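# Structure at a glance
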Amino acid sequence: MSTASVPLPNWITYGLIPLLNLLVAFFISGLVVWWIGENPLQALRLLIEGSLGRGDAIGFTLFYTTSFIFTGLSVAVAFHAGLFNIGSEGQAYLGGLGAALVALTLDRYVPWYVTMPFAVIGAAFFGAAWAFIPAWLQAKRGSHIVITTIMFNFIGAALMVYLLVNVLIVPGKMAPETRTFLPGGQLPKLDWLMALFGLKLGPAPFNVSFLIALIMAFLVWALIWRTKLGYEMRTLGISPSAAVYAGIPYARTVIIAMLISGGLAGMMALNPVMGASARLQVEFVGGAGFVGIAVSLMGRSHPLGIVLAAFLFGILYQGGADLSFEMPNITREMIVVIQGLVILFAGALEYMFRPAMVLLYQRFKRA
Amino acid sequence: MDLFDIIVSILGSTIRLSIPLLFTALAGLFTERAGIFDIGLEGKMLSAAFASACVAYVTGDAWLGLLGGIAVSILFSLIHGFASITNRGNQIVSGVALNFVAAGLTVVLGQAWFGQGGRTPQISGEARFSPITLPFADAVRDVPVLGPLYANVISGNNILTYLAFAAVPITWWVLFRTRFGLRLRAVGENPGAVDTAGISVTWLRYRAVIVAGFLCGFAGAYLAIAQSAAFIKDMSAGKGYIALAALIFAKWKPVPVMYACLLFGFLDAFANFMQGKAVPGIGEVPVQIFQALPYILTCVLLAGFIGVARPPKAGGVPYTKER
């Protein structure tokens, strides 16, 4: 009998197996560190100290976490509807345009808390708009969403470079970026939140968008498991033909799921653009859209899992930056390797340990 | 420079820019025809570029460099095969993962071994594939029109360029004139039928991904030790995705793949040429338009507005034997 059909309790499927996948990914990363002649345990210690050891380190870790929650949710929402959205990177990039246009328009007239809701809408709208075309092509023309979203990442990057170099650039400046937003276009830091825990934020750009990310995680949970639309999306994700047979409109559900996915990816831009650098820059997304894939796979597409996985990747990103400073032999790209391994083991090889788990579980149950 | 010289120079760089696309797109042709999506072309090309530069630098031999690139690229293919054929994992997730691993590992190892920020040292002499002058190239150089075309576009390329163009008819012949090719195409359309005929779906698909690894090895070696003289961080720069676009654009057929790669190479060459130049009547055309054009064209094609691109039927679906 195939082991795939043996039911396992949830704590094994959603707890133990992902943990095992993660440990294998870390173990192989450790081998790479060892291979290039550094001590993996020493590297791990530096990584954790560099991400959780000081107030400002935690602040940076949570800053990265914020971005990854948004992109992780973005990938997960599409995934629930059976769509693999590789385009979060491009959608986040365009979302930055939406946020920046709002901030540039309003920052001199109103305080930040008036700008913020409009910026959220602007970022989500532009992100969703960029997801709309691949969604429409998938729903109506049968193009493969993976291919079209990859293509749209590149088209988006070209478009944004064009806009930043030729349209939004400050006249007379060389750097392709917009002017710096006034305080009315910036999201304030959460130093008071850190102070509650007796920590000093220092220069870390941990800001209000973290709270927006948590709210969005809750809203996504409610959407997926507590609404009719969420139910329809999940049905479509499990079996498109059954969903259509049950009267769930395919095209509409695909397009709505992708609009939500793109909107969430777009909101990611609030964090770096309005929370950290206070201007729109080239390549500000910095791969966060792709990290979202790993975060969503790690978190098994559940908002709670995504928040935890995003925190883990926040630790990796901040700790990895610190580590590359302490051990010059290990570059920042080590994080990219770990990320790739996590995607490989938690995503593509997720069933590798299942047969062994089934055997172990059956033996324990009998004993 | 008069118009004719400009055309010759653009055609020359069109050829140079098309070669990595051509090898990679042919690689994708084999796996996708066998029913395995291959988003990981980019990663394979990049890892092969790194490996070939390292081996060529250490041994001082370009051919050994090429072999090193091929070996590493096949290793990546086998991981993809293990995940997506043996473990029936999601092929797209696996490809994305391998792209990350390649992008990260090449820089980490490069920095650890050479300490130049992820670059390899400069490679020269025998460790590189240098341009070959075809017979009579110098003799016919002064013949009007055909002379410069022969001397500067057709001659003067390195051996990998000629191999790339040779690979096109070979691919066609293997896919459409051999038993292996027939079965490979069948496994991408209907693996159940192939299985019923008593042929191993698993082994066929593994062979397809190994061939893809082999071809990506050439693409990587071309980048690092033929076109350039070192490995540079992220030097594949999205070419794997353009190759994927070319593959779709060519509707999964070998000869059209060559034309699509030449077209995308031409767009790239033309964009480089147009940078900072004004078109009469229009003004300066933003270079980003040319950069985005292959992707836009592919989306338009996928939407069915200019013909229909129909992928192999069983693409992306892991095969499970009925029990």
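Residues numbered from 1 in each chain as written. Chains lettered and ligands numbered in written order. Predicted model: local features only at pLDDT ≥ 70, side-chain atom pairs only at ≥ 80, totals over all residues. Heavy atoms only, no water.

## Comments concerning the pattern of salt bridges
Throughout the structure, instances matching the rule amount to 8 salt bridges over all chains. In this structure, Asp 38 of chain B engages Lys 44 of chain B in a salt bridge whose closest nitrogen and oxygen atoms are separated by 2.6 Å. Three or more residues joined by partner-sharing salt bridges are found here, namely Lys 228, Glu 232 and Arg 252 of chain A. (Salt bridge = Lys/Arg side-chain N within 4 Å of Asp/Glu carboxyl O.)

## Notes on the nonpolar core
Note that soluble globular proteins tend to have their nonpolar side chains buried in a common cluster. Core analysis: the biggest nonpolar cluster contains 215 residues, and Phe 68, Leu 270, Met 274, Leu 280, Phe 313 and Ile 343 of chain A together with Leu 160 of chain B have the highest contact counts within it. Top element by residues in this core is helix H10 (residues 201-227) of chain B. It accounts for 14 residues. Look past the residues within four positions of Leu 280 of chain A in its chain and what remains in contact with it is Gly 96, Leu 97, Ala 100, Met 160, Leu 164, Leu 168, Pro 176, Glu 177, Thr 178, Phe 181 and Val 273 of chain A. In this structure, Val 6, Ile 12, Met 357 and Val 358 of chain A belong to the second largest nonpolar core, which totals 6 residues. (Core = buried A, V, L, I, M, F, W, Y, C linked by side-chain atoms within 4.5 Å. Buried < 20%, exposed > 50% of the residue type's maximum accessible area, 1.4 Å probe, protein only. Helix = DSSP H or I, 4+ residues; strand = E, 2+ residues; numbered from the N terminus. Contact = heavy atoms within 4.5 Å.)

## Some remarks on the packing of aromatic side chains
Note on aromatic pairs: each is described by the distance of the centres and the angle between the planes. Within this structure, the stated rule accounts for 26 aromatic pairs over all chains. Consider the rings of Trp 35 of chain A and Trp 113 of chain B, whose centres lie 5.6 Å apart with planes at 90°: the pair is edge-to-face. Taken together, the residues Trp 35 of chain A in helix H1 (residues 10-35) and Trp 113 of chain B in helix H4 (residues 91-114) connect one chain to another. The class of Trp 35 of chain A is exposed, set by a relative accessible area of 52%. For the ring pair Trp 112 of chain A and Tyr 113 of chain A, a centre distance of 5.8 Å and an interplane angle of 80° mean the geometry is edge-to-face. The exposure class assigned to Trp 112 of chain A is partly exposed, which follows from its relative accessible area of 28%. (Phe/Tyr/Trp six-rings, centres within 6.5 Å; stacked < 30°, edge-to-face > 60°.)

## Brief notes about unusual backbone geometry
Glycine aside, residues mostly have negative phi, and peptide bonds are mostly found in the trans state. The backbone of Glu 283 of chain A sits at a positive phi, close to 55°, despite the residue not being glycine. On the accessibility criterion, Glu 283 of chain A (62% relative accessible area) is exposed.

## Re empty space enclosed by the protein
All names here are of chain B. With the rule as written, the count across this model stands at 1 cavity of 30 Å³ or more. Around the largest cavity sit Asp 38, Gly 40, Lys 44, Phe 76, Ser 77, His 80, Gly 95 and Leu 98, which together line it. Listing elements by their share of the lining of the largest cavity, those giving two or more residues are helix H3 (62-86) and H4. The element best represented in the lining of the largest cavity is H3, accounting for 3 residues. Partitioning the lining of the largest cavity into residue classes produces 2 nonpolar, 4 polar and 2 charged. (1 Å grid on protein atoms, 1.4 Å probe; cavity = no way out; pocket = protein on both sides within 12 Å on 5 of 7 lines; lining within 4 Å. Points joined across faces, edges and corners; volume = space filled by probe spheres on them. Nonpolar A, V, L, I, M, F, W, Y, C, P; charged D, E, K, R; others polar.)

## Focus on helix H9 (residues 228-238) of chain A
Considered for burial, the residues of H9 of chain A that qualify are Gly 230, Glu 232, Met 233, Thr 235 and Leu 236 of chain A. The elements touched by buried residues of H9 of chain A are helix H3 (55-80), helix H8 (209-226), helix H10 (240-245) and helix H11 (250-267) of chain A.

## Here's the deal with the environment of Ile 133 of chain A
Residue and element names in this part refer to chain A. Topologically, Ile 133 is positioned in helix H5 (residues 112-141). Judged by its relative accessible area of 34%, Ile 133 is partly exposed. For the pair Ile 133 and Ile 255, spaced 122 residues apart in sequence, the C-alpha to C-alpha distance is 9.0 Å.

## Digging into the state of the cysteines
Disulfides are covalent bonds that link the sulfur atoms of two cysteine residues. Residue and element names in this part refer to chain B. In total, this model carries 0 disulfides over all chains according to the counting rule given. Cysteine Cys 54 shares no disulfide, and the gap to the nearest cysteine sulfur, in Cys 216, comes to 18 Å. Note on Cys 54: relative accessible area 9%, which makes it buried. With no disulfide partner, Cys 261 has as its closest neighbouring cysteine sulfur the one in Cys 216, 12 Å distant. (Disulfide = S-S within 2.5 Å.)

## A word on the packing of H9 of chain A against H11 of chain A
Residues and elements named next belong to chain A. Running from amino to carboxyl end, H9 crosses H11 at an angle of 105°, the nearest separation of the two axes being 10 Å. Judged by the inter-axis angle, H9 sits roughly perpendicular to H11. When H9 is examined against H11, the residues Leu 229, Glu 232, Met 233 and Leu 236 are found in contact with a partner set consisting of Tyr 250, Arg 252, Thr 253, Val 254, Ile 256, Ala 257 and Ile 260. Looking at side-chain class alone, the contact of H9 with H11 contains 8 nonpolar, 1 polar and 2 charged residues. (Axes fitted to C-alpha atoms, helices over the stretch in contact; angles between N-to-C directions. Parallel < 35°, antiparallel > 145°, perpendicular 65-115°, else oblique.)

## Thoughts on the interface of chain A and chain B
Facing 43 residues of chain A, the contacting portion of chain B comprises 42 residues. Carbon and sulfur atoms make up 82% of the area that chain A and chain B hide from each other, which totals about 3,600 Å². For Glu 333 of chain A, the salt bridge identified is with Lys 233 of chain B, shortest N-O distance 2.9 Å. Connecting chain A to chain B are 3 residue pairs in polar contact (both at pLDDT 80 or more). Only H1, H5, helix H6 (145-167), helix H13 (288-298) and helix H15 (334-348) of chain A provide two or more residues apiece to the side of chain A that touches chain B. Counted by class, the side of chain A that touches chain B contains 31 nonpolar, 10 polar and 2 charged residues. (Buried area = accessible area lost by both parts, 1.4 Å probe. Polar contact = N/O pair within 3.5 Å; in protein donor to acceptor, adjacent residues only side chain to side chain.)

## Quick notes on a nonpolar patch on the surface
On the surface, a nonpolar cluster with roughly 650 Å² of combined accessible area is contributed by Phe 27, Leu 31, Trp 34 and Trp 35 of chain A together with Trp 113 of chain B. No other element matches H1 of chain A, which puts 4 residues into the nonpolar patch. For Leu 31 of chain A, the location among the structural elements is in helix H1. Classification of Leu 31 of chain A as partly exposed rests on a relative accessible area of 40%. (Patch = residues over 30% accessible without salt bridge, like charges linked within 9 Å, V, L, I, M, F, W, Y side chains within 5 Å. Areas by Shrake-Rupley, 256 points an atom, 1.4 Å probe, with all protein chains shown as cover.)

## With respect to the confidence of the model for chain B
In this model, chain B carries a mean pLDDT of 88, and residues with pLDDT of at least 70 account for 98%. For this predicted complex, the interface confidence reaches an ipTM of 0.90, while the overall pTM sits at 0.90. (pLDDT = per-residue confidence, 0-100.)

## Considerations on helix H4 (residues 88-106) of chain A
The first and last C-alpha atoms of H4 of chain A sit 27 Å apart over 19 residues, in line with the 27 Å expected at 1.5 Å per residue. Within H4 of chain A, 16 of the 19 residues are buried, which leaves the element mostly enclosed by the surrounding structure. (Expected span 1.5 Å × (residues − 1).)

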